[in-house]
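Here are the chains, one letter per residue:
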Amino acid sequence: MTGQVRTVDGRVAGRRGQATRQKLLDCLREMLASSPYRDVKVIDVARMAGTSPATFYQYFPDVEGAVLEIADEMAKDGAGLKDLVADKSWVGKAGYQTAEELVDGFLSFWRDNEAILRVVTLGAAEGDKRFFKIRMKILNAVTNSLTDSLKAMQASGKADKSVSAPAVAGSLVAMLAAVAEHQKGFDSWGVKAKELTPNLALLVYLGMTGKKPPK
């Protein structure tokens, strides 16, 4: 944890207070993985953390406020997804490898943060601007990098200049997000998990280059 951590009333939390705050967040994260968001209560989080509701309210105004703290930290990690694309080649076999690494990294990030992303997606869908902003921060990290890559290919004659780079990039990321949210559901369609990455990578490569990947 970096920087000063403050309580709800503005006091700077000491080392012990920071540890308590982090334990509350860890317990909340664990509860979200097994319980519907709206069923999680302050008293339950405090009990799991071995403290009291009064202590919880020293650090967070309510459960939603604590969830936003977790989501903000996750979004910071999600910003690193741009590194899966930035300055990477989209030509030939190297380009297809870039597509595979992007898909694998994106799906892995979603699996690792499934519980909190489910809450973020729900909040954004219900019109909560705070959750919408967090969701877009994660998606924009990849969308902007893909847009820059496609524009660079267009400038060098390696991609169709008639297409809108932001539209293509945004569509590809929206597809990745939709698939990531539905990963567990593919089994019901007879699709094995190991089949997702290569087939998604094919679509991403086609979208970015307009060509089939080399064999």
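Residues numbered from 1 in each chain as written. Predicted model: local features only at pLDDT ≥ 70, side-chain atom pairs only at ≥ 80, totals over all residues. Heavy atoms only, no water.

An unreviewed UniProt entry annotates the protein as TetR/AcrR family transcriptional regulator originating from Streptacidiphilus pinicola.

## A word on the pattern of salt bridges
Selection rule: Any Lys or Arg side-chain nitrogen found within 4 Å of a carboxyl oxygen on Asp or Glu counts as a salt bridge. Going along the chain from the N terminus, every DSSP run of H or I of four or more residues is numbered as a helix, and every run of E of two or more is numbered as a strand. Note on exposure labels: buried denotes an accessible area under 20% of the residue type's maximum, exposed denotes more than 50%, and partly exposed covers the range between, all computed with a 1.4 Å probe on protein chains only.
Under the criterion given, the structure shown has 10 salt bridges. Of the charged contacts, one joins Arg 47 and Asp 44 as a salt bridge, the two residues approaching to 3.2 Å between their closest N and O atoms. Here Arg 47 and its partner Asp 44 are both found in helix H2 (residues 42–49), three residues apart, which amounts to about one turn of the helix. A residue is classified by how much of its surface remains accessible, and Arg 47, at 54% relative accessible area, is exposed. Arg 130 is the salt-bridge partner of Asp 128, the closest N and O atoms lying 2.8 Å from each other. Taking relative accessible area as the criterion, Asp 128 reaches 17% and is therefore assigned buried.

## Digging into helix H8 (residues 165–181)
The cut-off we apply is this: Under the convention used throughout, the expected extent of a helix is 1.5 Å for every residue step, that is, one less than its residue count. Directions from the helix axis toward the C-beta atoms define the arc. A contact between two residues is defined here by any heavy atoms of the two lying within 4.5 Å.
Taking 1.5 Å of rise per residue, the 17 residues of H8 would be expected to cover 24 Å, and the 24 Å separating its terminal C-alpha atoms lies within 8% of that figure. Of the positions making up H8, those classed as buried are Ala 165, Val 168, Ala 169, Leu 172, Val 173, Leu 176, Ala 177, Val 179 and Ala 180. End-on, the buried residues of H8 take up no more than an arc of 165°, which puts them together on one face. For H8, the secondary structure elements touched by its buried residues are helix H5 (92–112), helix H7 (129–155) and helix H9 (193–209).

## Some thoughts on the UniProt feature "domain: HTH tetR-type" (unreviewed entry) in the protein
Inclusion rule: UniProt positions are given in the numbering used here, feature names are shortened, and annotations may be inferred rather than shown by experiment.
As annotated in UniProt, the feature "domain: HTH tetR-type" (unreviewed entry) corresponds to residues 18–78 in the numbering used here. This span, residues 18–78, is 75% helix and 0% strand, and a straight line between its end C-alpha atoms measures 24 Å.

## Focus: a nonpolar patch on the surface
We count it as follows: For patch detection, residues must exceed 30% relative accessible area and be free of salt bridges, and they are connected within 9 Å for like charges or within 5 Å for nonpolar side chains (Val, Leu, Ile, Met, Phe, Trp, Tyr). Per-residue and other accessible areas were derived by the Shrake-Rupley procedure at a 1.4 Å probe size, with only the shown protein chains allowed to occlude residues.
There is a patch of nonpolar side chains on the surface, built from Leu 202, Leu 203 and Leu 206 and spanning about 210 Å² of accessible area. Position of Leu 202 relative to the elements: it lies in helix H9. Overall, Leu 202 belongs to the partly exposed group, its relative accessible area being 30%.

## Overview of the packing of aromatic side chains
Basically, it comes down to this: Planes of paired rings set the category: under 30 degrees apart is stacked, over 60 is edge-to-face and the rest tilted, where pairs are Phe, Tyr or Trp rings (Trp by its six-membered ring) whose centres lie within 6.5 Å.
For the coordinates displayed, the defined rule picks out five aromatic pairs. Note on Phe 56 and Tyr 57: the rings are 5.7 Å apart at their centroids and 85° apart in plane angle, and the pair reads as edge-to-face. Relative to Phe 60, the ring of Phe 56 lies with its centre 5.3 Å away and its plane at 50°, an arrangement referred to as tilted. Three or more aromatic residues link up through ring pairs in this structure, and these residues are Phe 56, Tyr 57 and Phe 60.

## Points about the environment of Met 175
Along the chain, Met 175 turns up in helix H8. Between the C-alpha atoms of Met 175 and Lys 194, which are 19 residues apart in sequence, the distance is 18 Å. Not counting chain neighbours up to four residues away, the residues in contact with Met 175 comprise Leu 200, Leu 203 and Val 204.

## Remarks on the domain arrangement of the protein
Selection rule: The domain limits used here are those given by an automatic or database domain assignment. A quick way to say it: buried area is the sum, across both parts, of accessible area lost when two parts are put together, with a 1.4 Å probe. Distance and chemistry together define a polar contact, namely a pair of N or O atoms within 3.5 Å, with one atom able to donate a hydrogen and the other to accept it when in protein, and with adjacent residues in sequence counting only for side-chain atoms on both sides. The residue classification treats Ala, Val, Leu, Ile, Met, Phe, Trp, Tyr, Cys and Pro as nonpolar and Asp, Glu, Lys and Arg as charged. All others, Gly included, are polar.
Partitioning the protein into domains gives domain 1 (15–61) and domain 2 (69–209). The centre of domain 1, based on its C-alpha atoms, is set 31 Å off from the matching centre of domain 2. Taken together, the contact between domain 1 and domain 2 spans nine residues of the former and eight residues of the latter. If you sort the residues of domain 1 by the area they bury against domain 2, Leu 32, Tyr 37 and Arg 38 come out on top, with a joint share of 55%. In this structure, the salt-bridge partner of Glu 126 is Arg 38, at a minimum N-O distance of 2.7 Å. For the pair domain 1 and domain 2, the number of links is three residue pairs in polar contact (both at pLDDT 80 or more). Across the side of domain 1 that touches domain 2, the residue classes tally to six nonpolar, no polar and three charged.

## Brief notes about the packing of helix H1 (residues 15–32) against helix H4 (residues 63–78)
Stated formally: Geometry is summarised by axes, namely lines fitted to C-alpha atoms with helices restricted to the contacting stretch, and by angles between N-to-C directions that run from 0 to 180 degrees. Any angle between 65 and 115 degrees counts as roughly perpendicular, while under 35 counts as roughly parallel, over 145 as roughly antiparallel, and the rest as oblique.
Running from N to C, H1 and H4 cross one another at 95°; their axes reach a closest spacing of 10 Å. It follows from the interaxial angle that H1 and H4 lie roughly perpendicular. Contacts between H1 and H4 pair Arg 21, Leu 25, Leu 28, Arg 29 and Leu 32 from the former with Val 63, Ala 66, Val 67, Glu 69 and Ile 70 from the latter. Partitioned by chemical class, the residues of the contact of H1 with H4 number seven nonpolar, no polar and three charged.

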